[in-house]
Amino acid sequence: MLAALTVACTDRERLTFPLEGDHRGPITFIDQPGTGDTTVRAGPQMPLSGKTIDADGVDSIYIVVLGGHENFHPFAVARDTARFGVSISTSGLAGRTVLVLVFGTDQLGNRGDTAVRRVVVTP
């Protein structure tokens, strides 16, 4: 009697294809307000603008306002350089500090570093 012995592999080699790109997220710059720490008067609105850049293509831009009134949905983008601009209300915030965070993700899903502005609101 002849018995056959079969051996099965526990791991299989699979074809994988690396994603192209630099494996880094987009670079975000805040142009306005122009410095890291800014003081503004309480009032109806403070402009926030800048740009996000990535050679792999910018997918989305996220703006987070801590200590303020606004919440923004992510901006969907489909190009390698994207400008953004929003207005942030400072009404009723006299004596408070607002932290603004902006970052982007690229078409490959990589998140970039966060650009930050600390805004002190005076009466």
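Note that the coordinates shown come from a computational prediction; the quantities given were computed from them, not determined experimentally.

Peer 1: What exactly am I supposed to notice about the overall build of the chain here?
Peer 2: Across its full length, the chain carries zero helices and six strands. Tracing the chain from N to C terminus, the helices and strands come up as β-β-β-β-β-β. Across the 123 residues of the chain, 35% fall into the buried class. Expressed as a percentage of contacts within the chain between residues at least 6 apart in sequence, the contacts between residues at least 24 apart total 65%.

Peer 1: Can you help me understand unusual backbone geometry in this one?
Peer 2: Among all residues save glycine, negative phi is the norm, and among peptide bonds the norm is trans. Here Gln32 and Pro33 are connected by a cis peptide whose omega angle stands at 0°. Take Pro33: it is sitting in the loop between strand 1 (27–32) and strand 2 (37–41).

Peer 1: Explain the pairing of strand 3 (residues 46–66) to me, please; I cannot follow it from the model alone.
Peer 2: Both faces of the sheet carry side chains from a regular strand, because those side chains alternate between them. Alignment of strand 1 against strand 3, held across five bridges, turns out to be antiparallel. Along strand 3, the bridge assignment pairs Ile30 with Gly50. With 11 bridges joining them, strand 3 and strand 4 (residues 75–88) adopt antiparallel strand pairing. Bridged to Ser49 within strand 4 is Gly85. Here eight bridges tie strand 3 to strand 5 (residues 97–106), and the two strands are oriented antiparallel to one another. Among the inter-strand pairings, Tyr62 is bridged to a residue of strand 5, identified as Phe103.

Peer 1: I would appreciate a short explanation of the nonpolar core in the present structure.
Peer 2: As a rule of thumb, soluble globular proteins bury nonpolar side chains together. One finds Leu48, Ile61, Ile63, Ile88, Val98 and Val102 to be the most contacted residues of the largest nonpolar core, which totals 20 residues. Broken down by secondary-structure element, the contributors of at least two residues to this core are strand 3, strand 4, strand 5 and strand 6 (115–122). Per element, the largest residue contribution to this core is six residues, and it comes from strand 3. Once you skip the residues sitting within four places of it in the chain, Ile61 turns out to touch Thr52, Pro74, Phe75, Val77, Ala82, Phe84, Val102, Phe103 and Gly104.

Peer 1: Help me out: how do you make sense of a nonpolar patch on the surface in this one?
Peer 2: A contiguous nonpolar surface patch, about 250 Å² in accessible area, is contributed by Ile27, Phe29 and Ile53. Inspection of the secondary structure puts Ile27 in strand 1.

Peer 1: Can you help me understand the packing of aromatic side chains in this one?
Peer 2: For any pair of aromatic rings, geometry is given as the distance between the ring centres together with the angle between the planes. Counted according to the given criterion, the structure contains one aromatic pair. Seen in terms of ring centroids, Tyr62 and Phe103 are 4.9 Å apart; in terms of plane orientation they differ by 10°. Their pairing is stacked. In this pair, Tyr62 is assigned in strand 3 and Phe103 in strand 5, connecting sequence segments 41 residues apart. You can call Tyr62 partly exposed: its relative accessible area is 27%. Between the NZ or CZ atom of Arg111 and the centre of the ring of Phe103, over which it lies, the distance is 3.6 Å.

Peer 1: Looking at this structure, I do not really get the pattern of salt bridges. What am I missing?
Peer 2: Working definition: two side chains of opposite charge can pair if their charged atoms are close together. What the rule picks out here adds up to two salt bridges. The closest approach of N and O atoms between Asp31 and Arg83, which form a salt bridge, is 2.8 Å. With a gap of 52 residues between them, Asp31 in strand 1 and Arg83 in strand 4 connect regions that are remote in the sequence. Where Asp37 meets Arg118, a salt bridge forms, and the shortest distance between an N and an O atom there is 3.8 Å.

Definitions and limits used
Residues numbered from 1 in each chain as written. Predicted model: local features only at pLDDT ≥ 70, side-chain atom pairs only at ≥ 80, totals over all residues. Heavy atoms only, no water. Helix = DSSP H or I, 4+ residues; strand = E, 2+ residues; numbered from the N terminus. Buried < 20%, exposed > 50% of the residue type's maximum accessible area, 1.4 Å probe, protein only. Contact = heavy atoms within 4.5 Å. Pairing = 2+ DSSP bridges. Core = buried A, V, L, I, M, F, W, Y, C linked by side-chain atoms within 4.5 Å. Patch = residues over 30% accessible without salt bridge, like charges linked within 9 Å, V, L, I, M, F, W, Y side chains within 5 Å. Areas by Shrake-Rupley, 256 points an atom, 1.4 Å probe, with all protein chains shown as cover. Salt bridge = Lys/Arg side-chain N within 4 Å of Asp/Glu carboxyl O. Phe/Tyr/Trp six-rings, centres within 6.5 Å; stacked < 30°, edge-to-face > 60°. Lys NZ or Arg CZ within 6 Å of the ring centre and 35° of its normal.

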